[in-house]
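# Overview (structure and organization)
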Amino acid sequence: MRKVFLRILAVIFIMTYLTVGVQVLKSESTQTQEAQETATHQGPADPAELEAFIDGIMTTHMMANHIAGATFSFVKDGEIFFAKGYGYADIEKKKPVIADETLFRPGSVSKLFTWTAVMQLVEQGKIDLNTDINNYLIEFKIPETYPESITMTHLMTHTPGFEEMVSEMAVRSAEDLVPLGEFLAAKIPARVYPPGDISAYSNYGTALAGYIVEVVSGIPFDDYIEKNIYQPLGLHHSTFRQPLPPHLADKMSVGYSFENGVFKAKEFELINGLAPAGSMSSTATDMARFMIAHLQHGKYGENRILKEETARQMHSLLHTHDKRVDGNAHGFWELRLNNLRMIGHGGDSIWFHTSLILIPEENVGLFVSYNSAGGGGPARDQLLQAFLDRYYPASEMPELKPDPDFKKRAKRFVGSYKMARVVITSYEKLMALMMKADVKVTDEGTLLTPFPAGLGDKQWVEVEPLVFRELGGQDTAVFREDSKGRITHAFISSLPYFAIIKMAWYETPAFHYSLLVITMILFLSTLIWPGAALFRIVCRRKREEKKGPRSARWLVGIISALYLIFVLGFLMVLSDPMELMFGVPSGLKVFLAFPIISAVLTIGAIIYTVFAWKKKYWTGCARLHFTLIVLASLIFIWFLNYWNLFGYRF
């Protein structure tokens with residue numbers, strides 16, 4: 001069951017999940033080593049030298065991570081310094097990736113175009129960052145769950161307080177695509193946090209901002225982007241449109257998975273109703289022109305997409321959970337590595353993994369995208385860190401030594417933490433069982449945080465009260481306490497897009513897994529003779545038993561069987577968790593009826609339990625066993641209700 005949950009977790013992050021925790025790539029490529037020997041360490045100065053360096057990295061990690069193709073561009077001082085494609089855009093046709101021709105899906109990097117459009121309308125006075133967004137919405141309104149209104153600032157910083165959404169965010173055919181406004185009106189997520197409180201990455205929030213661009217400008221979102229961003233920048237190989245326009249369709253890279261030792265081609269991904277959050281397709285050189293425009297404070301050649309003051313504002317910090325960790329810069333995410341402040345965005349579709357990074361103080365930027373599932377996420381982080389270590393090496397950091405007394409006060413930090421980006425009100429809430437980190441204390445006196453979803457394990461050393469530095473790395477963690485001194489949140493500098501919340505004991509996966517295992521064992525005991533006989537063996541009392549109605553035992557047997565069938569059916573339906581993105585699996589709708597039937601039958605079992613003890617049916621052990629089954633049914637009903645699996649909560 002844990003494996004299924006892990007696969008489900010991949011779905012919740014698969015659309016535009018960002019990973020900026022980085023690792024150093026240890027390349028064994030001779031070509032890379034030769035390039036390193038001639039490095040200037042002042043930023044790339046020779047395109048040929050940079051090409052040799054990137055070639056070495058790509059050769060190494062495309063093989064190691066099973067990546068079919070990649071595209072890369074680097075800009076410096078207002079020019080495209082270097083761009084190149086790697087591997088195949090179509091393996092079957094032996095079609096290579098060409099940086100200025102081959103389209104990739106950059107996923108959530110698309111959001112930067114949406115936020116640029118928002119800032120264009122801000123500088124025109126048509127959007128106010130601090131006005132209630134309901135003032136701009138005509139066809140529908142966001143419910144007023146909290147006294148505070150949601151503003152464009154909240155949407156930009158991913159702090160509107162929306163729960164996550166997964167279901168129906170993708171479709172299999174263009175005919176099934178739902179228009180932006182219609183989708184957003186029908187799929188308003190619950191508001192589960194007060195606006196401005198904590199970051200919880202939201203695709204819906206960005207799509208809503210794109211819809212506001214459409215409403216305020218009076219033209220469709222796709223048309224607006226093409227007229228106000230693509231045309232001024234000369235982006236002739238970029239589009240948000242789905243399916244792709246005919247003149248671009250044959251230039252699109254195929255997406256791949258690596259299965260059983262071979263690459264498997266996948267269909268073009270259709271993002272449903274959330275286009276402004278991640279449906280863009282583009283080339284590395286088009287993305288390079290967009291980077292240049294932002295590095296040049298809104299200017300590209302003779303054209304402008306933003307006024308200089310607007311661009312500077314957009315690159316400035318807008319929100320952070322704590323001044324000691326990175327935050328959001330008007331849609332860009334901050335990232336500090338090797339003593340450099342960077343802004344950028346990552347993006348993931350099902351098959352493509354992308355990163356766009358700007359270093360404003362150096363007037364440089366890089367873009368990289370991979371067309372294969374799985375390995376592209378780690379690869380982009382490895383490439384970034386290797387690039388920084390070569391051209392902008394960090395000064396040596398002082399050695400961190402744990403305080404010998406820390407273990408005495410470490411207990412307050414220890415426990416299970418959940419990511420703020422979770423589902424609360426639908427059956428997808430179950431994903432939270434795996435979206436957690438169990439903070440522990442090591443023998444050396446450091447905190448250990450094993451993060452989910454490939455974010456990696458890290459150890460932390462306390463450097464001041466509530467503030468920790470990564471051991472052997474550059475990351476920072478800050479904890480928040482309540483008025484009673486209890487730890488409530490953790491904020492990680494490399495994960496500014498969601499807060500981490502400490503769980504109460506009854507929320508922890510350990511508690512819920514324990515309930516699940518115990519109840520399943522009891523249900524099985526009614527169907528397997530050795531299990532049913534266990535209580536007789538334990539009691540070892542020989543006495544004449546008063547026979548009770550056979551219907552009572554049949555009843556708890558049916559209840560147990562229905563629960564077990566439900567669990568097995570649930571696991572079977574979710575054996576392919578990707579189906580969740582296309583809507584509620586039809587099989588799940590069938591199996592969800594089983595617990596409802598069991599709950600109704602449990603009422604009868606409770607009545608039998610009362611009579612069994614009152615009239616002393618069976619032996620005492622048999623009555624105890626019967627009672628435990630009924631109690632297990634009640635506990636399992638509570639368990640299902642807690643995870644929104646009791647009834648039809650879609």
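All values reported here derive from a predicted model rather than from experimental measurement. (Residues numbered from 1 in each chain as written. Predicted model: local features only at pLDDT ≥ 70, side-chain atom pairs only at ≥ 80, totals over all residues. Heavy atoms only, no water.)

## Regarding the pattern of salt bridges
Our working definition: One side-chain nitrogen of Lys or Arg within 4 Å of one carboxyl oxygen of Asp or Glu is enough to make a salt bridge. Secondary structure is summarised from DSSP: a helix means a run of H or I of at least four residues, a strand means a run of E of at least two, and numbering begins at the N terminus for each. Remark: exposure states derive from per-residue accessible area (1.4 Å probe, protein chains only) relative to the maximum for the residue type, with buried under 20%, exposed over 50%, and partly exposed in between.
Summed over the entire model, instances satisfying the criterion amount to 27 salt bridges. Among the ionic pairs, D322 bridges to R324, the shortest N-O distance being 2.8 Å. A salt bridge links E481 to R412; the nearest nitrogen and oxygen atoms lie 2.3 Å apart. One end of the pair, E481, is in strand β20 (residues 476-481); the other, R412, is in the loop between α14 (406-409) and β15 (415-419), with 69 residues separating them in the sequence. Accessibility expressed as a relative area gives 37% for E481, which makes it partly exposed. Counted as one network, the salt bridges with shared partners bring together D222, D223, E226 and R241.

## Regarding a nonpolar patch on the surface
Counted only if it meets this: Candidates for patches are residues over 30% relative accessible area with no salt bridge; among them, like charges are joined within 9 Å and nonpolar side chains (Val, Leu, Ile, Met, Phe, Trp, Tyr) within 5 Å. Per-residue accessibility takes into account occlusion by the displayed protein chains alone, with areas from the Shrake-Rupley method and a 1.4 Å probe.
A grouping of I596, V600, Y648 and F650 is seen on the molecular surface, where their side chains present a nonpolar patch of about 370 Å² in accessible area. Mapping F650 onto the fold places it in the segment after α20 (620-642).

## Topic: helix α13 (residues 376-391)
Applied cut-off: Helix span, as expected, comes to 1.5 Å for every residue beyond the first.
Under the 1.5 Å per step criterion, the end-to-end length of α13 is 22 Å for 16 residues, consistent within 8% with the ideal 22 Å. Counting buried residues along α13, 14 of its 16 residues qualify, which places the element largely inside the surrounding structure.

## Here's the deal with the sheet that holds strand β1 (residues 69-76)
Where we set the bar: Strand pairing is defined by DSSP finding a minimum of two bridges between the two strands. The contact criterion used throughout is that any non-hydrogen atoms of two residues lie within 4.5 Å. Each axis is a line fitted through C-alpha atoms, taken for helices only over the stretch in contact, and angles between the N-to-C directions span 0 to 180 degrees.
With antiparallel pairing, eight strands are arranged side by side in an open sheet as β3-β2-β1-β14-β13-β12-β11-β10. Two strands close off the open sheet at either side, each with one partner strand: β3 (95-96) and β10 (328-329). Looking at chain direction, strand β13 (residues 353-359) and strand β14 (residues 364-370) are connected through seven bridges and run antiparallel. Looking at the pairing, I357 lines up with L366 of β14. Contacting β1, β2 (79-90), β11 (332-337), β13 and β14, helix α11 (residues 284-295) crosses the sheet at an angle of about 30° to β1.

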